[in-house]
Amino acid sequence: MRVRGYAPATPCWAVLTSGDTAAAAAFYRDLFGWTTTEADDGTTLFLLRDLAVAGLAPSPSGQSAWLTYISTEDVDATAGLVVEAGGTVLQPPAEAGTRGRAALFTDSAGAAFGAWQRGRFAGAQVQDEPGTVCWSETVTRDVPTAAAFYGKVFGWTERDGTSDAIHEYHDWVSANRVVGGVSLLGDEYPPGTPPHWRTILLIDDCAGFMARTPELGGSVLAGPIDAGIGHAAYLVDPTGGSFLVIEMLPELRALMA
């Protein structure tokens, strides 16, 4: 589905920062069928049918990670709110060519995320179909602390989501709409796993993606997992960037069509 804009305080864009952008580009091309093009600020865009689905940029630290960007009407004001709420400015607001203005932060628990103020570019141009980002969620050890931070910065409220005996889940709500999720960073994660934002991509064949990922130089951390709404898998690209893929139940996919 073509997307032309995003309401304020909505996850709108995902960028892979990679220690090896060439290897990352080849992996995601072969796994998702994405192509690449260069934006006017020198960064790389992943494309599906010539529509932007995500970004690719060199990692200053050499470590690879997917980053979520949240839409804002004033990225400078957002930076001020981040500091007031106990977060950190990693990269101050700056022009991203003609596409807009962006900044990079950590929340009060240390999870990295970005804010995006649109210029000529609003964010991902396609969603709700295989090969696109379909969801973003905070993974944290302390839901009340996260709720206080994101409530101050973006006006979000937190409500209980669908949880089971193992996984505790919550929703981020903005203007009476669910815009993202909150997953508890529990004992099922490897020791030392830091709070982070997770990028989730919609696919149509979980088993096939799990089989192809090692063939392309990546790895499967876990899966298939019954996520309630479908089958999911945690994957890692050859440069170390981790992400989640989900094959949704047919009846739910029909609602998105």
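Above: the structure in question.
Calculation criteria
- Residues numbered from 1 in each chain as written.
- Predicted model: local features only at pLDDT ≥ 70, side-chain atom pairs only at ≥ 80, totals over all residues.
- Heavy atoms only, no water.
- Helix = DSSP H or I, 4+ residues; strand = E, 2+ residues; numbered from the N terminus.
- Contact = heavy atoms within 4.5 Å.
- Areas by Shrake-Rupley, 256 points an atom, 1.4 Å probe, with all protein chains shown as cover.
- Lys, Arg positive; Asp, Glu negative; His and termini not counted.
- Charge placed at Lys NZ, Arg CZ, Asp CG, Glu CD.
- Axes fitted to C-alpha atoms, helices over the stretch in contact; angles between N-to-C directions.
- Parallel < 35°, antiparallel > 145°, perpendicular 65-115°, else oblique.
- Left-handed = near helix turned anticlockwise from the far one by under 90°.
- Nonpolar A, V, L, I, M, F, W, Y, C, P; charged D, E, K, R; others polar.
- Salt bridge = Lys/Arg side-chain N within 4 Å of Asp/Glu carboxyl O.
- Buried < 20%, exposed > 50% of the residue type's maximum accessible area, 1.4 Å probe, protein only.
- Pairing = 2+ DSSP bridges.
- Polar contact = N/O pair within 3.5 Å; in protein donor to acceptor, adjacent residues only side chain to side chain.
- Phe/Tyr/Trp six-rings, centres within 6.5 Å; stacked < 30°, edge-to-face > 60°.
- Lys NZ or Arg CZ within 6 Å of the ring centre and 35° of its normal.

Engineer: Can you tell me about the overall build of the chain, naming the residues and giving the values?
Structural biologist: Across its full length, the chain holds 5 helices and 16 strands. On the principal axes, the C-alpha backbone points of the chain span a range of 45 × 45 × 35 Å. Contacts in the chain between residues at least 24 apart in sequence constitute 61% of all its contacts with a sequence separation of at least 6. A total accessible area of about 11700 Å² is found for the chain, and carbon and sulfur atoms account for 53% of it. Measuring between centres, the 15 positive side-chain charges of the chain sit 8 Å from its 30 negative side-chain charges.

Engineer: Quick one: what's the story with the packing of helix α1 (residues 21-32) against helix α4 (residues 206-215), residue by residue and with numbers?
Structural biologist: Axis separation between α1 and α4 bottoms out at 10 Å; the angle between their running directions is 150°. Taken together, α1 and α4 sit at an angle that is classed as roughly antiparallel. Here α1 and α4 pass one another in a crossing that is right-handed. Side by side, α1 and α4 meet where Phe-27, Leu-31 and Phe-32 of the first sit next to Phe-209, Arg-212 and Thr-213 of the second. For the contact of α1 with α4, the class distribution of residues is 4 nonpolar, 1 polar and 1 charged.

Engineer: Can you explain the pattern of salt bridges? Please cite residues and give values.
Structural biologist: Enumeration over the complete set of coordinates arrives at 8 salt bridges. Residue Arg-101 is joined to Glu-95 by a salt bridge in which the shortest nitrogen-to-oxygen separation is 2.8 Å. Classification of Arg-101 as buried rests on a relative accessible area of 18%. Judged by its relative accessible area of 57%, Glu-95 is exposed. Across the salt bridge formed by Glu-137 and Arg-198, the nearest N and O atoms sit 2.3 Å from each other. A residue pair is termed long-range when its members are at least 10 positions apart, and Glu-137 in strand β9 (residues 132-140) and Arg-198 in strand β13 (residues 196-203) qualify at 61 residues. Here Glu-137 and Arg-198 have matching classes, each one buried. Connected through salt bridges with shared partners, the residues Asp-76, Glu-95 and Arg-101 form a single ionic network.

Engineer: Lay out the sheet that holds strand β14 (residues 219-226) with the relevant residues and their values.
Structural biologist: A sheet is described by the order of its strands in space; here 8 strands give the open sequence β10-β11-β12-β9-β13-β16-β15-β14, paired in mixed fashion. Both edges of this open sheet fall to β10 (157-160) and β14, since each of them pairs with a single strand only. Each adjacent strand pair in this sheet contributes to an overall mean axis angle of 30°, direction not counted. Across the sheet, α1 touches β13, β15 (230-236) and β16 (242-248), and the angle it forms with β16 is around 5°. Of the strands in this sheet, β9, β10, β11 (169-174), β12 (177-184) and β13 touch helix α3 (residues 143-154), which is tilted by about 10° from β11.

Engineer: Please provide a residue-by-residue account of the sheet that holds strand β6 (residues 88-95), values included.
Structural biologist: The strand order across the open sheet built from 8 strands is β2-β3-β4-β1-β5-β8-β7-β6, with neighbouring strands paired in mixed fashion. In the strand order of this sheet, the two ends are held by β2 (35-38) and β6, each with one partner. Taken pair by pair, the neighbouring strands of this sheet meet at an average axis angle of 30°, ignoring direction. Looking at chain direction, strand β5 (residues 65-71) and strand β8 (residues 112-118) are connected through 3 bridges and run parallel. Bridged to Ile-70 within β8 is Ala-115. Seen against the sheet, α1 touches β1 (11-18), β2, β3 (44-48), β4 (51-58) and β5 and runs at an angle of roughly 155° to β4.

Engineer: Outline the environment of Asp-40, listing residues and values.
Structural biologist: Counting through the fold element by element, Asp-40 comes out in the loop between β2 and β3. At 2.5 Å, the side chain of Asp-40 forms a polar contact with the side chain of Thr-98.

Engineer: Could you give an account of the packing of aromatic side chains, with specific residues and numbers?
Structural biologist: Across all of its chains, the model carries 23 aromatic pairs by this definition. On the basis of an interplanar angle of 5° and a centroid distance of 6.2 Å, the ring pair of Tyr-28 and Phe-32 is categorised as stacked. Placement of both Tyr-28 and Phe-32 in helix α1 is noted, with a separation of 4 residues, approximately one turn of the helix. Neither Tyr-28 nor Phe-32 differs from the other in exposure class; each is buried. Consider the rings of Trp-34 and Phe-46, whose centres lie 4.8 Å apart with planes at 45°: the pair is tilted. Of the two residues, Trp-34 sits in the loop between α1 and β2 while Phe-46 sits in strand β3, which places them 12 residues apart along the sequence. Take Trp-34 and Phe-46: they sit in the same class, and that class is buried. Each member of the aromatic cluster is reached from another via a ring pair, and the members are Phe-27, Tyr-28, Phe-32, Trp-34, Phe-46, Trp-66, Phe-209 and Phe-243. The positively charged end of Arg-99 is found above the aromatic ring belonging to Phe-121, 5.3 Å away from the centroid. Over the face of the ring belonging to Phe-209 we find Arg-212, whose NZ or CZ atom lies 4.6 Å from the ring centre.

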